[in-house]
Amino acid sequence: MIWRTVRKTQCLRSVLLDYVNCKHQNLVKRAHTLNNSRQRLLKLVSRSIPIINMSNITTMPNNIQISLIKPEDSERILEFLRIQYYPEEPLNAGIEPKRQEVADEEYTMSMITHGLSLMAVQSIPQNSKGHIVGAAIVGPKDAKEAEHLFDAAKKAESVKWSHMLQMLACVERDANVCELYKVQRVLHNHAIGVEANMRGKNVGARLIAEMIKVAKDANFEAITADCTSFYSAKLFERLGFECINTIYYDEYKDKNKQQVFRPEPPHTYGWSTLLVPACLPALLPGDALQGFTTVSTSVKDLWYL
């Protein structure tokens, strides 16, 4: 009788342990599933909201203001780009002759007529107009952008400008942003430059933040940027832009199978096309960066602009 009781107790204990183990495994599975769901949600959120380092951006000197570029500012902006942008821009500097083409300048400056480009101006007592320390040249594009660029490349008068346009066209064709994201109105960043002695002070970050606001106010559906520079690519990525296409410089070759663009390191890694939806809570009243998710970063040297 005692033996049977012990056996029944052991059987009951075994059943209870099996039950508990089963419950434990189910709980573990549920926890694992919930964690996966949480990670997916965080990933989606991180792609949907521009990530801006609030503490870093507010370190920009107080005497620098971001404003829209007006037609009367064109000559000053061109002079700024000639000194602070073109000599170091990898696509331009990576092919002979090193000096930018006149057609390149005309193409870039034509974007100012859209009234969407931005400049960072430092106020100085000696000049009522201030001193330009940064510029972001932007303009609209649509689903036929690659087609337009390929046509322009065929009509280009110089070999260098033709290659540059073909490279741009290849990027647009492969990224295929309008089809991929089902959008029609896209604001494209053509060039962004910051004065050498102002780099590392988040002037570039503030220009991009204002560019997002401009895109939102003008009802653009998305923003894109072709980053020929290692530094600009890292900056755009840290501000929430997603890399959707990369073309390595050594992949673009002429009809003789020779590499065309040979920029100096660290710009040899490739060309990234980045995109962020413009329909985001990117409000920027006054100097406050409201509406942005803030994160900290220890990679200070990547904030080149």
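Residues numbered from 1 in each chain as written. Predicted model: local features only at pLDDT ≥ 70, side-chain atom pairs only at ≥ 80, totals over all residues. Heavy atoms only, no water.

With an unreviewed UniProt entry as reference, the protein chain is termed aralkylamine N-acetyltransferase, source organism Glossina brevipalpis. The UniProt entry for the protein chain carries this comment under Pathway (unreviewed entry): "Aromatic compound metabolism; melatonin biosynthesis; melatonin from serotonin: step 1/2." Under Sequence similarities (unreviewed entry), UniProt gives the following word-for-word description of the protein chain: "Belongs to the acetyltransferase family. AANAT subfamily." (UniProt positions renumbered as here; feature names shortened; annotations may be inferred.)

Engineer: Where do I start with helix α6 (residues 145–155) in this structure?
Structural biologist: For an α-helix the count is 3.6 residues per turn, leaving residues at separations of three or four pointing the same way. Residues of α6 that are buried include every one of E145, A146, L149 and A153, and no others. Down the axis, α6 shows its buried residues gathered within 95° of arc, on one side only. Of the residues in α6, the exposed ones pointing more than 90 degrees away from the buried face are K154 and K155. (Buried < 20%, exposed > 50% of the residue type's maximum accessible area, 1.4 Å probe, protein only. Helix = DSSP H or I, 4+ residues; strand = E, 2+ residues; numbered from the N terminus. Arc of directions from axis to C-beta.)

Engineer: Hey, could you run me through the confidence of the model for the protein chain in this one?
Structural biologist: As a note on interpretation, predicted positions should not be read in detail where pLDDT is low. Per-residue confidence for the protein chain gives a mean pLDDT of 78; residues scoring 70 or more make up 70%. Taken together, the stretch residues 36–58 has pLDDT below 50 and engages in 41 contacts with residues farther than four places along the chain or on a different chain. (pLDDT = per-residue confidence, 0-100. Contact = heavy atoms within 4.5 Å.)

Engineer: I tried to follow the environment of N63 on my own but got confused; where do I start?
Structural biologist: Its location among the elements puts N63 in the loop between α2 (54–57) and β2 (64–68). You can call N63 partly exposed: its relative accessible area is 30%. Separated by 61 residues in the primary sequence, N63 and I124 place their C-alpha atoms 8.3 Å from one another.

Engineer: I would appreciate a short explanation of the layout of surface pockets in the present structure.
Structural biologist: Space left empty within the atom packing is revealed by a probe, the size of a water molecule, rolled over the atoms. Within this model, the largest pocket holds a volume of roughly 530 Å³. Y85, E89, H190, A191 and T228 are, among the 35 residues lining the largest pocket, the residues nearest its centre. Looking at which element gives the most residues to the lining of the largest pocket, the answer is strand β5 (residues 186–194), with 7 residues. Of the residues assigned to the lining of the largest pocket, the class counts are 18 nonpolar, 10 polar and 7 charged. (1 Å grid on protein atoms, 1.4 Å probe; cavity = no way out; pocket = protein on both sides within 12 Å on 5 of 7 lines; lining within 4 Å. Points joined across faces, edges and corners; volume = space filled by probe spheres on them. Nonpolar A, V, L, I, M, F, W, Y, C, P; charged D, E, K, R; others polar.)

Engineer: Any chance you could explain the packing of α6 against helix α7 (residues 159–175) here in plain terms?
Structural biologist: The description of two packed helices rests on the angle between their axes and on the distance between the axes. Closest axis-to-axis distance for the α6/α7 pair is 8 Å, and the angle between their directions is 160°. With respect to each other, α6 and α7 are oriented roughly antiparallel. Pair α6 / α7 crosses with left-handed handedness. Seen from α6, the contacting residues are E145, A146, L149, F150, A152 and A153; seen from α7, they are S162, L165, Q166, L168, A169, C170, E172 and R173. Of the residues that constitute the contact of α6 with α7, the class distribution is 9 nonpolar, 2 polar and 3 charged. (Axes fitted to C-alpha atoms, helices over the stretch in contact; angles between N-to-C directions. Parallel < 35°, antiparallel > 145°, perpendicular 65-115°, else oblique. Left-handed = near helix turned anticlockwise from the far one by under 90°.)

Engineer: Any chance you could explain the pattern of salt bridges here in plain terms?
Structural biologist: Between side chains of opposite charge, a pair can form when the charged atoms approach closely. Per the counting criterion, the structure on display carries 9 salt bridges. With a shortest N-O distance of 2.8 Å, K141 and E172 are connected by a salt bridge. One end of the pair, K141, is in strand β4 (residues 127–141); the other, E172, is in helix α7, with 31 residues separating them in the sequence. Exposure class is identical for K141 and E172. Each is buried. For D217, the salt bridge is made with K213, and the minimal N-O distance between the two is 2.9 Å. Placement of both D217 and K213 in helix α9 (residues 203–217) is noted, with a separation of 4 residues, approximately one turn of the helix. (Salt bridge = Lys/Arg side-chain N within 4 Å of Asp/Glu carboxyl O.)

Engineer: When you look at the packing of aromatic side chains in this model, what are you seeing that I'm missing?
Structural biologist: Both the distance between ring centres and the angle between the ring planes are used here to describe each pair of aromatic rings. Counted under the stated rule, the structure contains 6 aromatic pairs. Ring centres of F230 and Y231 lie 5.6 Å apart, and the angle between their planes is 80°; on these two criteria the pair is classed as edge-to-face. Here the aromatic residues Y249, Y252 and F261 are joined through ring pairs into a cluster of three or more. The ring centre of F220 lies 4.3 Å from the NZ or CZ of R185, which sits over that ring. (Phe/Tyr/Trp six-rings, centres within 6.5 Å; stacked < 30°, edge-to-face > 60°. Lys NZ or Arg CZ within 6 Å of the ring centre and 35° of its normal.)

Engineer: Whenever I open this one, unusual backbone geometry confuses me. Can you help?
Structural biologist: A cis amide bond links E96 to the next residue, P97, at an omega of -5°. Positionally, P97 belongs in the loop between α4 (90–93) and α5 (102–110). A cis geometry characterises the amide bond from P265 onward to P266, with omega recorded as 5°. Tracing the backbone through its elements, the reader meets P266 in the loop between β7 (242–247) and β8 (271–277). Despite not being glycine, N176 has its phi angle at roughly 50°, a positive value. Mapped onto the elements, N176 comes out in the loop between α7 and α8 (177–181).

Engineer: Before we go on, may I ask you to explain α9 in this structure?
Structural biologist: With 15 residues, α9 extends 21 Å between its outermost C-alpha atoms, agreeing within 8% with the 21 Å of an ideal straight helix rising 1.5 Å per residue. By the criterion of burial, α9 is predominantly enclosed, with 12 of the 15 residues buried. Of the positions making up α9, those classed as buried are V203, G204, A205, R206, L207, I208, A209, E210, M211, I212, V214 and A215. Of the residues one or two after α9, N219 is the one with positive phi, at around 65°. (Expected span 1.5 Å × (residues − 1).)

Engineer: Would you mind going over the nonpolar core with me for this structure?
Structural biologist: In globular proteins that are soluble, nonpolar side chains generally tend to be buried together. The biggest cluster of nonpolar side chains holds 31 residues, and the ones touching the most others in it are V203, L207, I208, M211, F236 and F241. Considering every element that reaches this core, the biggest residue donor is α9, with 8 residues. For L207, the residues in contact, after removing those within four places along its chain, are I66, L118, M119, A120, G134, A135, A136, I192 and G193. Among the nonpolar cores identified, the runner-up in size contains 17 residues, and I95, A169, I247 and Y249 belong to it. (Core = buried A, V, L, I, M, F, W, Y, C linked by side-chain atoms within 4.5 Å.)

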